[in-house]
Amino acid sequence: MGAHGVKAVFFDLDNTLVDTAAAGRRAIEEVISALQSKHHYGEGEARVICDKVQAKLLKECHDPAKMCITDLRISHWEEAIQETIGGEVNRNLAAECYFLWKTTRLQHLTLAEDTRGMLTELRKRVRLLLLTNGDKQTQREKIEACACQPYFDAIVVGGEQKEEKPAPSIFHYCCDLLGVQPSECVMVGDSLDTDIQGGLNAGLKATVWLNKAMTTPVDTSPVPHYIISSVLDLPAVLQKMEHKINANLGTDRMASSNGAH
């Protein structure tokens with residue numbers, strides 16, 4: 001990329017570079033199977049427990065100063081089992097379910113070969129940074145599981161910073177890490193509320209929304225500069241941006257040379 005173009009690309013992790021949702025579904029099926037075969041729960045009961053846990057994960061508010069993520073997530077399973085079955089709290093079963101869910105999810109978190117190839121090629125031209133929200137331990141385990149460290153110049157986890165996406169401060173911290181200006185960076189992610197809104201808040205050159213389902217956002221949503229249905233479409237978007245920059249430079253040069261006469 002030229003001196004006037006993009007110098008760095010920030011990537012979100014979950015459901016952008018790795019399919020965390022699909023890995024989570026595989027993990028839930030594994031727990032349902034174990035509850036049935038090992039603990040003799042009915043399939044209906046097992047599914048209700050897992051649905052309750054997923055609802056708790058979606059609403060999760062985690063303060064690492066008060067409780068570690070492991071204890072918090074075991075308590076989700078504990079509550080879900082008790083709400084479904086009643087009786088005494090079963091901490092051991094809750095812990096077994098949590099660790100089975102967690103290890104299965106991590107096993108299925110992979111950075112696809114074509115994505116690795118794209119990152120390798122991109123990194124020859126721009127600097128790459130991984131910017132992910134979430135608990136420090138959880139996100140670091142995912143990063144290790146999908147072995148994505150070698151593809152990035154820097155990795156920033158929201159749970160290790162004062163503020164997470166969409167706060168401008170975390171984006172500006174990323175810019176400082178790479179020695180670039182916000183106006184030289186592009187944010188790529190699947191969340192309009194964190195990735196796109198954050199990129200806009202921080203004044204980045206462009207935001208690229210990964211919309212795999214090609215859903216229509218609500219009117220109040222932040223508006224991304226570009227929309228792609230696969231992360232593999234990103235190089236074409238960057239190329240389009242570069243052509244636009246070069247065309248504008250050409251126009252500027254013509255204007256200045258015309259002004260000299």
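The name an unreviewed UniProt entry assigns to the protein is N-acetylneuraminic acid phosphatase, from the organism Accipiter nisus. Of the protein, the UniProt comment under Cofactor (unreviewed entry) reads exactly: "Mg(2+)".

Asker: What am I meant to see in the pattern of salt bridges here?
Answerer: Should the charged atoms of two oppositely charged side chains come close, the side chains can pair. With the rule as written, the count across this model stands at 18 salt bridges. Of the charged contacts, one joins Arg127 and Asp153 as a salt bridge, the two residues approaching to 4.0 Å between their closest N and O atoms. Linking Arg127 in strand S2 (residues 127-132) with Asp153 in the loop between helix H6 (136-145) and strand S3 (154-157), this pair joins segments that are 26 residues apart in sequence. Take Arg127: its relative accessible area is 36%, and that puts it in the partly exposed class.

Asker: Please explain the state of the cysteines as it appears in this structure.
Answerer: Covalent bonding between the sulfur atoms of two cysteines is what defines a disulfide. Scanning the entire structure with this criterion turns up zero disulfides. The structure places no disulfide on Cys61, whose sulfur is separated from the nearest cysteine sulfur, that of Cys68, by 17 Å. Between Cys185, a free cysteine, and Cys175, which holds the nearest cysteine sulfur, the sulfur-to-sulfur gap is 3.9 Å. Residue Cys185 is classed as buried on the basis of its relative accessible area of 0%.

Asker: In this structure, what is going on with the sheet that holds S3? I would like to understand it.
Answerer: As a general point, the strands of a sheet are linked pairwise by backbone hydrogen bonds and lie either parallel or antiparallel. Pairing in this open sheet of six strands is parallel, and the strands run S3-S2-S1-S4-S5-S6 from one edge to the other. Whereas interior strands pair on both sides, the edge strands pair on one side only; in this sheet they are S3 and strand S6 (226-228). Between one strand axis and the next, the sheet turns by 20 degrees as a mean value, whatever way the strands run. Where S2 and S3 come together, four bridges link them in parallel fashion. For Leu129, the partnering residue across the bridge sits in S3 and is Ala154. Contacts from helix H7 (residues 168-178) reach strand S1 (8-11), S2, S3 and strand S4 (185-189) within the one sheet, and its direction differs from that of S2 by about 150 degrees. Against the sheet, helix H8 (residues 192-201) makes contact with S4 and strand S5 (206-210), and its axis sits at roughly 170 degrees relative to S5, the strand it touches most.

Asker: What is the right way to look at the pairing of S2 in this model?
Answerer: Along any regular strand the residues' side chains alternate between the sheet's two faces. For S2, a buried count of five out of six residues is recorded, marking the element as mostly surrounded by other parts of the structure. Where S1 and S2 come together, four bridges link them in parallel fashion. Bridging across to S2, Phe11 finds its partner in Leu130. Note that the unit made of S2, H6 and S3 has a crossover that is right-handed.

Asker: Any chance you could explain the side chain of His76 here in plain terms?
Answerer: Its place among the elements puts His76 in helix H3 (residues 69-85). Excluding residues that lie within four positions of it along the chain, His76 makes contacts with Val53, Lys56, Leu57 and Glu60.

Asker: Just checking my understanding: could you explain the packing of helix H1 (residues 20-37) against helix H2 (residues 43-58) for this structure?
Answerer: Two quantities define a packed helix pair, namely the angle between the axes and the distance from one axis to the other. Running from amino to carboxyl end, H1 crosses H2 at an angle of 140 degrees, the nearest separation of the two axes being 9 Å. The angle between H1 and H2 places the two elements in the oblique class. Every pair of crossing elements has a handedness; the one defined by H1 and H2 is right-handed. Here Ile28, Glu29, Val31, Ile32, Leu35 and Gln36 of H1 come into contact with H2, specifically with Glu43, Ala46, Arg47, Ile49, Cys50 and Gln54. Across the contact of H1 with H2, the residue classes tally to seven nonpolar, two polar and three charged.

Asker: Help me out: how do you make sense of the nonpolar core in this one?
Answerer: Soluble globular proteins: nonpolar side chains tend toward being buried together. The biggest cluster of nonpolar side chains holds 34 residues, and the ones touching the most others in it are Val9, Phe11, Phe152, Val186 and Leu234. Taken together, the elements giving at least two residues each to this core come down to S1, helix H5 (113-122), S2, S4, S5, S6 and helix H9 (234-260). Broken down by element, this core gets its largest block of residues, four residues, from H9. Excluding its chain neighbours within four sequence positions, the residues that come into contact with Val186 are Val6, Ala8, Val9, Phe10, Leu204, Ala206, Val208, Leu238 and Met241. Leu35, Ile49, Trp77 and Ala94 belong to the second-largest nonpolar core, a separate cluster that totals 20 residues.

Definitions and cut-offs
- Residues numbered from 1 in each chain as written.
- Predicted model: local features only at pLDDT ≥ 70, side-chain atom pairs only at ≥ 80, totals over all residues.
- Heavy atoms only, no water.
- UniProt positions renumbered as here; feature names shortened; annotations may be inferred.
- Salt bridge = Lys/Arg side-chain N within 4 Å of Asp/Glu carboxyl O.
- Helix = DSSP H or I, 4+ residues; strand = E, 2+ residues; numbered from the N terminus.
- Buried < 20%, exposed > 50% of the residue type's maximum accessible area, 1.4 Å probe, protein only.
- Disulfide = S-S within 2.5 Å.
- Pairing = 2+ DSSP bridges.
- Axes fitted to C-alpha atoms, helices over the stretch in contact; angles between N-to-C directions.
- Contact = heavy atoms within 4.5 Å.
- Right-handed = clockwise from strand over helix to strand, strands pointing away.
- Parallel < 35°, antiparallel > 145°, perpendicular 65-115°, else oblique.
- Left-handed = near helix turned anticlockwise from the far one by under 90°.
- Nonpolar A, V, L, I, M, F, W, Y, C, P; charged D, E, K, R; others polar.
- Core = buried A, V, L, I, M, F, W, Y, C linked by side-chain atoms within 4.5 Å.

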